[in-house]
2 protein chains.
Amino acid sequence: MKKQKVSSAVIRRLPRYYRHLTDLYLAGVVRISSSALGKAMNLTASQIRQDLSCFGEFGQQGYGYNVSSLRDEIAEILAMGQNHTAVILGVGNLGRALAENFHFDRSGFTLTAIFDVDPNVIGKTVSNVLVRPIDELDNYLKENPTSVGVLTVPRAAALDMAERLVQGGVKGIWNFTNVELNISQSDVIVENIHFADSLLALSYMISENET
Amino acid sequence: MKKQKVSSAVIRRLPRYYRHLTDLYLAGVVRISSSALGKAMNLTASQIRQDLSCFGEFGQQGYGYNVSSLRDEIAEILAMGQNHTAVILGVGNLGRALAENFHFDRSGFTLTAIFDVDPNVIGKTVSNVLVRPIDELDNYLKENPTSVGVLTVPRAAALDMAERLVQGGVKGIWNFTNVELNISQSDVIVENIHFADSLLALSYMISENET
């Protein structure tokens, strides 16, 4: 597969491609043209061809894309087959929602451990995963190299926990705390979920829609 | 304020501007240059000037931006002073996490009601907001025009609930269900939070980082 520097916008579209191709695949669609895929995704056919050209040759002139194999290729680009592991830090409402309802496996991740400070949940399991005391985090990460730490702790604990994840050698932090983690001196990649950014964009759009 | 068609990328950056300016404001910063603001946000100074030029004249040559007034202007662009209201549909872990921990007010929204089907939670309050039976949704929306419905119901209920929100006259749906809501025939704007898209982007980035 030829490689080139891929823009952040393309990276953000890849999971959307994967999601739409999965829907098509589950609906029994065997092949699709770039224009039909574009229509479903609100992109132009040429944008799709250009996006995918970052990663090699896909599809055939006059045939379009084979849904199943394009989906597989994108899954590979997204590193979904690399047995990534994740640990959740903080099993309050949000951590619990992710542990119980989010399908880590469908993104190629295995949820391997959950950590919390609350004695009422430590020792119990959530979605068959043991909740461990946060004191065991450092040792756990040393003994179990982990791809991603999911940060769902209260804001006040965010920086300290992020630092311990970095020290523990995680490769990425999935940050739900709304705290900016300034860990740019490390190799760890931070992916933020900012609920407020999303709601404010919606606020803007509904107001525009009225005028 | 002069108006022009604003690209989706700019709309997505506005809440980030607001977030960074709020941090600066709370830190007591009075003014900031476009290059310093850009550095904090990983944007170029000219990109910032170009983004803001969509909405009028901000800042002064040689002075930069007044943090507080630029923040106020962006808040206005984001329609944060329009007394938007929100209702949550489904108070499972995720709905509860939003009701209890997400500051709707900081985005200019008031959470006015919560709906669920579970008799164990109906009639109780979560964050001082009454949980009502879902049967009351249609009447509630008729009597209480509502800006946004927050969809945190199980996937199987998503389409039906979205339809009822549309019928009830909401202007936007904040959709956490991972179900594509095909309601494009209406004027209702759907803003999706796709956790998996975010995790897959992180998966891609950590793999790229290793090679």
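Conventions adopted
- Residues numbered from 1 in each chain as written.
- Chains lettered and ligands numbered in written order.
- Predicted model: local features only at pLDDT ≥ 70, side-chain atom pairs only at ≥ 80, totals over all residues.
- Heavy atoms only, no water.
- Helix = DSSP H or I, 4+ residues; strand = E, 2+ residues; numbered from the N terminus.
- Areas by Shrake-Rupley, 256 points an atom, 1.4 Å probe, with all protein chains shown as cover.
- Lys, Arg positive; Asp, Glu negative; His and termini not counted.
- Charge placed at Lys NZ, Arg CZ, Asp CG, Glu CD.
- Buried < 20%, exposed > 50% of the residue type's maximum accessible area, 1.4 Å probe, protein only.
- Contact = heavy atoms within 4.5 Å.
- Polar contact = N/O pair within 3.5 Å; in protein donor to acceptor, adjacent residues only side chain to side chain.
- Core = buried A, V, L, I, M, F, W, Y, C linked by side-chain atoms within 4.5 Å.
- Pairing = 2+ DSSP bridges.
- Axes fitted to C-alpha atoms, helices over the stretch in contact; angles between N-to-C directions.
- Expected span 1.5 Å × (residues − 1).
- Least-squares fit on C-alpha atoms with pLDDT ≥ 70 in both.
- Buried area = accessible area lost by both parts, 1.4 Å probe.
- Salt bridge = Lys/Arg side-chain N within 4 Å of Asp/Glu carboxyl O.
- Right-handed = clockwise from strand over helix to strand, strands pointing away.
- Phe/Tyr/Trp six-rings, centres within 6.5 Å; stacked < 30°, edge-to-face > 60°.
- Parallel < 35°, antiparallel > 145°, perpendicular 65-115°, else oblique.
- Nonpolar A, V, L, I, M, F, W, Y, C, P; charged D, E, K, R; others polar.

Engineer: Account for the overall build of chain A, with residues named and values stated.
Structural biologist: Assigned secondary structure in chain A consists of 8 helices and 9 strands. Projecting the C-alpha coordinates of chain A onto the three principal axes gives extents of approximately 60 × 50 × 35 Å. Per element, the accessible surface of chain A, about 10300 Å² overall, is 47% carbon and sulfur. In chain A, 19 side chains carry a positive charge and 22 a negative one; their mean positions are 7 Å apart.

Engineer: Before we move on, could you go through the environment of asparagine 66 of chain B and cite the residues and values that matter?
Structural biologist: Residue and element names in this part refer to chain B. Topologically, asparagine 66 is positioned in strand β2 (residues 65–66). When its relative accessible area of 28% is taken as the criterion, asparagine 66 is described as partly exposed. Here the alpha-carbon distance between asparagine 66 and isoleucine 122, two residues 56 residues apart in the chain, equals 47 Å. Other than its neighbours up to four places away in sequence, asparagine 66 contacts Val30 and Arg31. Looking at asparagine 66, its side chain comes within polar contact range of the main-chain nitrogen of serine 68, at 3.1 Å.

Engineer: How would you sum up the nonpolar core? Please name residues and give values.
Structural biologist: Among the nonpolar cores identified, the biggest contains 112 residues, and Phe104, Trp174 and Phe195 of chain A together with Phe104, Trp174 and Phe195 of chain B are the most heavily contacted of them. Each residue touching phenylalanine 195 of chain B, except ones within four places of it in the same chain, is listed here: Leu98, Phe102, Trp174, Phe176, Ile193 and Phe195 of chain A together with Leu94 and Phe176 of chain B.

Engineer: Kindly report on the sheet that holds strand β5 (residues 125–126) of chain A, identifying the contributing residues and their values.
Structural biologist: For sheets, the rule is that strands pair by backbone hydrogen bonds, running either parallel or antiparallel. Residue and element names in this part refer to chain A. The sheet built from 7 strands is open, its strands ordered β5-β6-β4-β3-β7-β8-β9 with mixed pairing. The two strands at the open ends of the sheet, each matched to only one other strand, are β5 and β9 (189–192). Strands β3 (84–89), β7 (148–151) and β8 (172–175) of the sheet are contacted by helix α7 (residues 155–167), whose axis makes an angle of about 170° with β7.

Engineer: So what's going on with helix α1 (residues 8–26) of chain A? Residues and values would help.
Structural biologist: Residues and elements named next belong to chain A. Given a rise of 1.5 Å per residue, 19 residues ought to cover 27 Å, and the 28 Å separating the end C-alpha atoms of α1 matches this to within 8%. When we look at burial in α1, the residues that qualify are Val10, Ile11, Arg13, Leu14, Pro15, Tyr17, Tyr18, Arg19, His20, Leu21, Thr22 and Leu24. In the segment just after α1, glycine 28 is the residue with positive phi, at about 85°.

Engineer: If you had to explain the relation of the copies chain A and chain B to someone new, which residues and values would you point to?
Structural biologist: Between the two copies, chain A and chain B, the superposition gives an RMSD of 0.0 Å; the rotation angle is 180° and the shift along the axis is 0.0 Å. The transformation relating the two chain copies, once decomposed into turn and shift, fits a two-fold axis. Looking at the rotation axis and the C-alpha trace of chain A, the residue lying nearest is asparagine 93 of chain A, at 2.5 Å. Both copies contact each other with a shared surface, as 100% of the interface residues of chain A are interface residues in chain B too.

Engineer: Would you mind going over the interface of chain A and chain B in detail, with residue names and values included?
Structural biologist: Across the contact, 59 residues belong to chain A and 59 residues belong to chain B. In total, chain A and chain B occlude about 5100 Å² of area from one another, counting both sides; carbon and sulfur atoms represent 66% of this. Taken together, the connections running from chain A to chain B amount to 6 salt bridges. The closest approach of N and O atoms between lysine 171 of chain A and glutamate 210 of chain B, which form a salt bridge, is 2.9 Å. Here chain A and chain B share 22 residue pairs in polar contact (both at pLDDT 80 or more) between them. Looking at the side of chain A that touches chain B, the elements that each hand over two or more residues are α1, α5 (93–101), β8, β9 and α8 (195–210) of chain A.

Engineer: With reference to specific residues and values, describe the environment of asparagine 144 of chain A.
Structural biologist: Of note, asparagine 144 of chain A is situated in the loop between α6 (137–143) and β7. Sequence separation of asparagine 144 of chain A and threonine 85 of chain A is 59 residues, and the distance between their C-alpha atoms is 9.4 Å.

Engineer: Now, about the pairing of β7 of chain A: what can you tell me, with residues and values included?
Structural biologist: Residue and element names in this part refer to chain A. Residues Val148 and Val150 of β7 are buried on one face, and the alternating residues Gly149 and Leu151, pointing to the opposite face, are buried as well. Pairing of β3 with β7 involves 4 bridges; the strand directions are parallel. Counterpart to isoleucine 88 in the pairing with β7 is valine 150. Pairing analysis gives 4 bridges linking β7 to β8, with the strands arranged parallel. Bridge pairing in β8 links valine 148 to glycine 172. In this fold, the crossover linking β7 to β8 by way of α7 has right-handed handedness.

Engineer: Hey, could you go over the side chain of arginine 19 of chain A for me, with residue numbers and the actual values?
Structural biologist: Its location among the elements puts arginine 19 of chain A in helix α1. The buried category is assigned to arginine 19 of chain A, whose relative accessible area is 12%. Sequence-distant contacts of arginine 19 of chain A, defined by excluding residues within four places in its chain, comprise Asn178, Glu180, His194 and Asp197 of chain B.

Engineer: Could you give me a rundown of the packing of aromatic side chains, with the residues and numbers involved?
Structural biologist: Applying the stated criterion to the full structure yields 21 aromatic pairs over all chains. With a centroid separation of 4.9 Å and 90° between ring planes, the pair formed by phenylalanine 102 of chain A and phenylalanine 104 of chain A is classed as edge-to-face. Phenylalanine 102 of chain A gets classed as buried once you look at its relative accessible area, which sits at 13%. Measuring from centroid to centroid gives 5.5 Å for phenylalanine 102 of chain B and tryptophan 174 of chain B, while their planes differ by 55°, and the two rings are tilted. Taken together, the residues phenylalanine 102 of chain B in the loop between α5 (93–101) and β4 (109–116) and tryptophan 174 of chain B in strand β8 (residues 172–175) connect sequence positions 72 residues apart. This pair shows no difference in class: phenylalanine 102 of chain B is buried, exactly as tryptophan 174 of chain B is. The structure contains a cluster of three or more aromatic residues connected by ring pairs, namely Phe102, Phe104, Trp174, Phe176 and Phe195 of chain A together with Phe102, Phe104, Trp174, Phe176 and Phe195 of chain B.

Engineer: Requested: an account of the packing of α1 of chain A against helix α3 (residues 45–53) of chain A, with residues and values cited.
Structural biologist: Residues and elements named next belong to chain A. It is the contact of α1 with α3, at a shortest axis distance of 11 Å, that shows an interaxial angle of 105°. Taken as axis vectors, α1 and α3 run roughly perpendicular relative to one another. Touching Val10, Arg13 and Tyr17 of α1 are Gln47, Ile48 and Asp51, all from α3. Residue classes in the contact of α1 with α3 are distributed as 3 nonpolar, 1 polar and 2 charged.

From the geometry alone we can't say anything about function, so treat these as descriptive.
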